[in-house]
Every structure is written in structure tokens, then in C-alpha cells.
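Chain residues, written in single-letter form:
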Protein chains: 2
Amino acid sequence: MAQRVGIKDVALAAGVSVSTVSHALSGKGHMRAETRDRVRAVAVELGYTPNRLASSLRQRRTRVIGLVSDSISTTPFATRVVVGVHEAASAAGLQVMMTSTHGDPSVELASLELLASYRVDGVVYAKMFHQTADVPAALLAMPSVFVDALPREPIVPATVPDERQIGRVGTEFLLGQGHRNIAHLSIVHGGPGRDGRVAGFMDAMHAASIENAEGFVAYSDDTSEAYARRARDVLTASPRPTAVFCFNDRAAIGVYHAAASLRLRIPEDVSVVGVDNLELVAETLNPGLTTVSLPHFEMGVWAVRTLVKMIAGEPFAGDTPSVVFQPGVLIERASVAPPGPRVTKT
Amino acid sequence: MAQRVGIKDVALAAGVSVSTVSHALSGKGHMRAETRDRVRAVAVELGYTPNRLASSLRQRRTRVIGLVSDSISTTPFATRVVVGVHEAASAAGLQVMMTSTHGDPSVELASLELLASYRVDGVVYAKMFHQTADVPAALLAMPSVFVDALPREPIVPATVPDERQIGRVGTEFLLGQGHRNIAHLSIVHGGPGRDGRVAGFMDAMHAASIENAEGFVAYSDDTSEAYARRARDVLTASPRPTAVFCFNDRAAIGVYHAAASLRLRIPEDVSVVGVDNLELVAETLNPGLTTVSLPHFEMGVWAVRTLVKMIAGEPFAGDTPSVVFQPGVLIERASVAPPGPRVTKT
DNA sequence: CTGTTAGCGCTTTCAG
DNA sequence: CTGAAAGCGCTAACAG
């Protein structure tokens, strides 16, 4: 059933040796164009499908990379890095074998060993929330790249979102619209994401000569209900902020709910900016949510591109730019307007 | 760098032959337990990672399956089948190589050939919207299963959502709450999804002895704006429906928007049920959307399970149950309430 | 420019 | 119960 015709059959049919067929098909070495074309013609005629197992075995290179992540779907982010990885891999002529570890170290180890047994050329090791992580020993045996995680030891290249820039971009947009009394609804659970965005918020506020910006940040648990409650506090402060920059889109949903219950209109009474660009959410919200898009797709692409270089033998030195920070980009929708005298909208 | 130790090294270190190592590791054939254990111990001690390329080449079986879909991310559905496929594959000891065709037949062909060259044991061929599709010739050479698509020729097993049941379930829930004047907001573009759900709607209405149910269905284009417009028509009809069953969650969003602009409260003035269970959306909506979940995960699981059987040699006869219809399940949130005298909610 | 030959690392009869 | 040997299908020296 499966491809019966092998390189031998092609050789036979074309009246040449197998090595000639191999050369003709791979284009390596020089040979008479005529022979090459004839061989190729015979190959397609016979419906020859080269056996990559055999060739990989021989060449010690599979053109397959592994993608191990702690989740392939808990969040839309995961999907975006997966897509980025696949697109870049496909562009580089690589296939990808993906495994999901559910965050379990023992299945992670098993996954890595499995990938090793398939002799993948390298692996992309992705986390779904920006964090610092140990480098699994099994990874050291092959080229690998971290995504959305910083290796505790700088022995593996990595890419993460530029959280600080993200905080700055979101805040600056609000500032640019004329807001000055801007609250930042963040999360209590610390980490690179929270800390970076808070820092970016401060940067922007300070740059705009707004003092005591620390006083404008509120901390909440990362659940819709908690956000809604905390947002209510924020929106009932006095003077009431004219805008709130949210840690993520979920927090923004909380602000929408709180605003609705307080009969505050968005964006007339309060502007809101999120982070994540969960498109489904941002577009469902009424009005649409202006938000900073996280660079998940880009991280996936960068990861396989650098992996490709490593596979090609470009050495990774722990001191060359081993981590790149990907910027976020602001996606403008309708949840922001200048502050001040109420603007009427239809 | 990559695993240097081969079966030979293990044999040498254990003082046995390679074939003994092979047997010891695979557990095939009988041998003294002592020898077997010693060999195994040596293997782990040496950090031996069997080379699956070699074994696959020899055994003519890779334990890898292909997953080709027209998109891996346009919709959250895609992700759910991908997850289902991965979970089931992993449970069956299979790896998966995924390729995305972007709906382009030529890249589809290339993908299929690539998978064939890697000698995958079978392939799951998935579409992201329920449809009927031709069977690519390249698929015939290996075991394969269709997902979310019916093959035009019944030569490949397939699984699709039971659209009619889905239509029925959504409608019956509303009926069960006491609604009788129920509108169905559907799409103008025909297909198994639309037709099935409309039919299910009719089934339920007729079973409840409600006549002229056809009159209750409205057709819209599948965009948020169009849905909102059409929903407005529906909600301004007289008598005004007390509930609307939507073709999908996007349509439900349209109803929410229309209701908001008409100052109708959900669920007090109008109940709404969607289809898809886009969780992000359903939970963002205020109140949460009650909706029928589509069986994408289940389809992915079913697909690899039947693929596994086919690979095992269980023949596929075109007349055995070659297509299975997966039911949807109703996910209850807050967008439905009994009709009638207005219920007050805090 | 083309053919011969020796493996890549493993599994599997078939002997011993 | 264990080992020797043949090969899975391909590539890469090396000859011719």
C-alpha cells in the first residue's frame, strides 16, 4: 500500500545506478542535464516518494524540529506561538512535532526523550506565560531555543515580550489622548509580566511629569470577578481616573463590567486600554477594546529562525544577544477618547 | 552532541549481542530475566536513546501520524480538534506532524507528499468548517480519516457534528424554559451547518406543536454587523420573540448589541442561546451566554482512535458506519430565563 | 560523468 | 536462550 517504489526501482527504470538517481534528485554533484532530467521524469512517472527515514538516518539530520510547550491551547497565546513556529518552520523546509506537557515535568522529560529518539534537529521550548525557567538537562543535548521564558542559566537563546515597552506603549497612548489621571489595574501575583508593565507605566507617567504614579496602580487577582470588584474601587476613587490601563484584556473586561454597573460610559466617561489583543474578546466588547498586542507569533517565528541558525552550526555563545525582547503593538479600537467635557456619540 | 550511544555500545558494555539488546529492550521473545534486566540497566546507565529512524525504517512503521488541516488557528475550533488529536495520539503512543494548508490545494498536495515521505502511519484530514470535500488522491495511499468534513465518496471514515441534534438541543432548552415565540437567527450561506441547525430548530418547534416555525427564522450574513442589524429586525417584530436561538455565538453577539440598542435586557426581556461555546466570548458577554458546544475535541479524539484501528489493519469497508455524528452539549450560563412577567434581578 | 561499495542503527529470521 | 547475518532505503566517498 504505502509507497512501494524505491530509489532502486527508479534506477532500474531509468537504466542508471541508484547513486545517479540520488544525485539527480538532490541536485548534488554535476551530471549531464539530460540524464538528470530523464531520471527525474522517470521518478515522477513512477510516483516515487523518497523515504526520508532512510535519508535522515544516513544524513544524521531529519529536517524535523520539536515543539514542546506546557499547553497547546489553554490560551489563544499558545496558539499564536504554535502558528508562528509552524509558519517559520514550513518556510525553512522543516516539519514540526509538537508535544504538550501539561506543565508536568515528568511528561516533559518523556517528551524530550521521545523527540530525541526521533532525532529531531532541534527543539523550541515554549512556556505559555512569561517566566523564568530551568533548562531541562535533556535539552542540552540538542540545539534549542526558549520562548516566553528566560532560562535561569544563559545557556540557551530565548525570546520574551518586552513587558516594559508594552506598559509604556499602552500608557503613552492614553497620555497622548490627553489623559493625566490614569489608573493602572494590575495583578497581585508578581513576575516579569506584571513587574515589567508596571515599570513601563511608571516610565511613561514620569516622562509626562506626573508624580506619584505609584499611587495610581491597583492590584487584583487574575479573575474576572476580582477585576470587576477592584475596578469598581478604582472607578469610584476621587478624583475619578479618566482612563485605566489594564494588565490584560481580562482586567479590561472587569473594567467594562464595573463601568456598566456604575453607569459610566466607555469611552466618554472612562477610556480603557488592555494588553493581549484577544481578538474575540476585544471585538465582542462594546465598544471594541483598544489593546496592546503581545508578540506571540513573532516569538514563534524568531525561535525557529534562530534554531535554524544553530542547527546550521552557528555557535551560540552565552554572551552574544541571547535573549531578544519582542515589542508589543497597540491595536486601536473604540475604547479610548480624549478626557474632559463629555463627547456625545450616536 | 546528539545521542552518540547506539545499540552496539550497549551490547558491548553488557557483554551481549545487539540482537539480545534489541530483544531485551522490546520485550519480544523470551530470555532470562536476569540478562534482560542487566541489559536494560546498562542501557539507562549509558543514557541510550534508541534511534527511531532506524527502527521505523526497519519495521516500516513510524508511530507518527500526520494532521493536515486548512488552518491551525483561524478559529478556536481548529485548536480544539488539534488538541483532541494530540491527546488521543499521545495516549496511543503516537507523535503527530501537523501541517497547515491555508486552504490551498497545491500546498495541501505538497503537505501530503511530505507526510508520505516521512512515512507517517496515517493522516487525519481536517477541515475547519463542516463541509463536504473531495478525497485527495494522495490520501488513498495511506490510512486516513476526515474530520469536520464528509468525503464526497464514502471511501474514508469521517466524523462531523450532528448539526440537527445541535439545533434541537438549543431550541428545546428554550422551549423547556417556557418560551414559545422563539426566533432562529441563521445565516444566508447554506451548508450542512446551517441546514442541519435549521432543521433541528424546526424539529423541536414542531414537536412542541408550534406551527409555522419557518416564519421564525431570519437569515443574515456571517459578520457581527450584519447579525446586529438582522437581530434588530427580529427584536422589533411583533409580537416580539421572547427568545432567540442563534446559528453561532457571533450571531448571539449581534443579538446582545441589538438588545442593548433597543434597551432590552437579557435575559429578562429576551433570552438568547448560541452555538459554538467560544468560551472567551461566552464569558465576556454580560450576562454570560448559554450556548451549545460543538464537539471539536471529540472529533479529534475519534479520528485518531479510528485511525489507530485502521493502522492496526482493521479494514475500512465503505458500508460500515463510516461517518459518525458527534452531538453538541448545552453549556448553561445566564442568558436564558423563563419568559413572561419581568423578573427583577439585582 | 556515472557506478560500486560501505554503512546509518535497528529488527528479525535462522542457526547454534 | 543467545548470536550471526541480512537488510530496511538512502547517501557519500571513492573508483573507474
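My aim in this report is to walk through the structure given alongside it, one point at a time. (Residues numbered from 1 in each chain as written. Chains lettered and ligands numbered in written order. Predicted model: local features only at pLDDT ≥ 70, side-chain atom pairs only at ≥ 80, totals over all residues. Heavy atoms only, no water.)

1. Digging into the overall build of chain A
Put simply, the rule is: To qualify as a helix, a DSSP run of H or I must reach at least 4 residues; to qualify as a strand, a run of E must reach at least 2; elements of each kind are numbered from the N terminus. Computation of the radius of gyration draws on C-alpha atoms, with the globule rule given as 2.2 Å multiplied by the number of residues to the power 0.38. Each residue is placed in one exposure class: buried if its accessible area under a 1.4 Å probe, protein chains only, is under 20% of its type's maximum, exposed if it is over 50%, and partly exposed if it falls in between. Note on contacts: a residue pair qualifies if any of its non-hydrogen atoms lie within 4.5 Å across the two residues. Note on areas: these come from Shrake-Rupley sampling with a 1.4 Å probe, and a residue is covered only by the protein chains present in the view. For the charge count, each Lys or Arg is scored as positive and each Asp or Glu as negative, with His and the chain ends excluded. Throughout, a charge is located at the NZ atom of Lys, the CZ atom of Arg, the CG atom of Asp or the CD atom of Glu.
Scanning chain A for helices and strands turns up twelve helices and twelve strands. In terms of overall dimensions, chain A is more spread out than a globule: its C-alpha atoms have a radius of gyration of 27 Å, far above the 20 Å expected for 346 residues. Along the longest, intermediate and shortest principal axes, the C-alpha atoms of chain A span 90 × 45 × 35 Å. Counting over 346 residues, chain A shows a buried share of 52%. Sequence-distant contacts in chain A: of pairs separated by 6 or more residues, those separated by 24 or more amount to 69%. Approximately 15400 Å² of chain A is accessible, and the part contributed by carbon and sulfur atoms is 54%. Distance between charge centroids for chain A: 6 Å, based on 33 positive and 34 negative side chains.

2. Looking at the protein's contact with DNA strand C
Put simply, the rule is: Nearness is judged by heavy atoms alone; a residue qualifies as near a molecule or strand once a single heavy atom is within 4 Å of it. Side-chain atoms alone can form a polar contact between residues adjacent in sequence; in general such a contact is a pair of N or O atoms within 3.5 Å, and within protein one must be able to donate a hydrogen while the other accepts it. Gly is placed with the polar residues, together with every amino acid not listed as nonpolar (Ala, Val, Leu, Ile, Met, Phe, Trp, Tyr, Cys and Pro) or charged (Asp, Glu, Lys and Arg).
Close to DNA strand C lie 24 residues; Arg58(A), Arg60(A), Ile7(B), Tyr48(B) and Arg58(B) are nearest. Looking at DNA strand C alone, sugar and phosphate atoms form 67% of those within 4 Å of the protein. Within the contact set of DNA strand C, a phosphate oxygen lies 3.1 Å away from a backbone nitrogen or oxygen of Arg32(A). At 3.3 Å, a backbone N or O of Ala54(B) approaches a base nitrogen of DNA strand C. Secondary structure elements with two or more residues in the surface near DNA strand C: helix 2 (18-26) and helix 4 (52-59) of chain A together with helix 2 (18-26) and helix 4 (52-59) of chain B. Grouping the constituent residues of the surface near DNA strand C by class yields seven nonpolar, twelve polar and five charged.

3. A few points about the environment of Gly6(B)
Its location among the elements puts Gly6(B) in the segment before helix 1 (7-14). With 150 residues separating them in the primary sequence, Gly6(B) and Val156(B) have C-alpha atoms 40 Å apart.

4. Some details on the protein's contact with DNA strand D
Within the structure, DNA strand D sits among 23 residues, and Ile7(A), Tyr48(A), Arg58(A), Thr20(B) and Arg60(B) are positioned closest to it. Each atom of DNA strand D within 4 Å of the protein was classed as base or backbone; sugar and phosphate made up 71%. In this structure, a phosphate oxygen belonging to DNA strand D sits 2.4 Å away from a main-chain N or O atom of Ile7(A). In the environment of DNA strand D, a phosphate oxygen lies 2.4 Å from a nitrogen or oxygen atom belonging to the side chain of Arg60(B). Elements represented by at least two residues in the surface near DNA strand D include exactly helix 2 and helix 4 of chain A together with helix 2 and helix 4 of chain B. Per-element tally for the surface near DNA strand D: the top contributor is helix 4 of chain A, with four residues. Per-class residue counts for the surface near DNA strand D are seven nonpolar, eleven polar and five charged.

5. Considering the interface of chain A and chain B
As a reminder of what qualifies: Defined in terms of a 1.4 Å probe, buried area is the accessible area two parts forfeit on being brought together, summed over both. Definition used for salt bridges: Asp or Glu carboxyl oxygen within 4 Å of a side-chain nitrogen of Lys or Arg.
Every contact between the two is made by 46 residues of chain A and, on the other side, 46 residues of chain B. Together, Leu53(A), Tyr118(A) and Arg119(A) form the three largest contributors to the area buried by chain A at its contact with chain B, with a combined 17%. Summed over the shared surface of chain A and chain B, the result is zero salt bridges. For the side of chain A that touches chain B, the secondary-structure elements that each account for two or more residues are helix 4, helix 5 (76-91), strand 2 (95-100), helix 6 (105-117), helix 10 (249-261) and helix 11 (279-284) of chain A. Per element, the largest residue contribution to the side of chain A that touches chain B is six residues, and it comes from helix 5 of chain A. The class makeup of the residues in the side of chain A that touches chain B is 24 nonpolar, 15 polar and seven charged.

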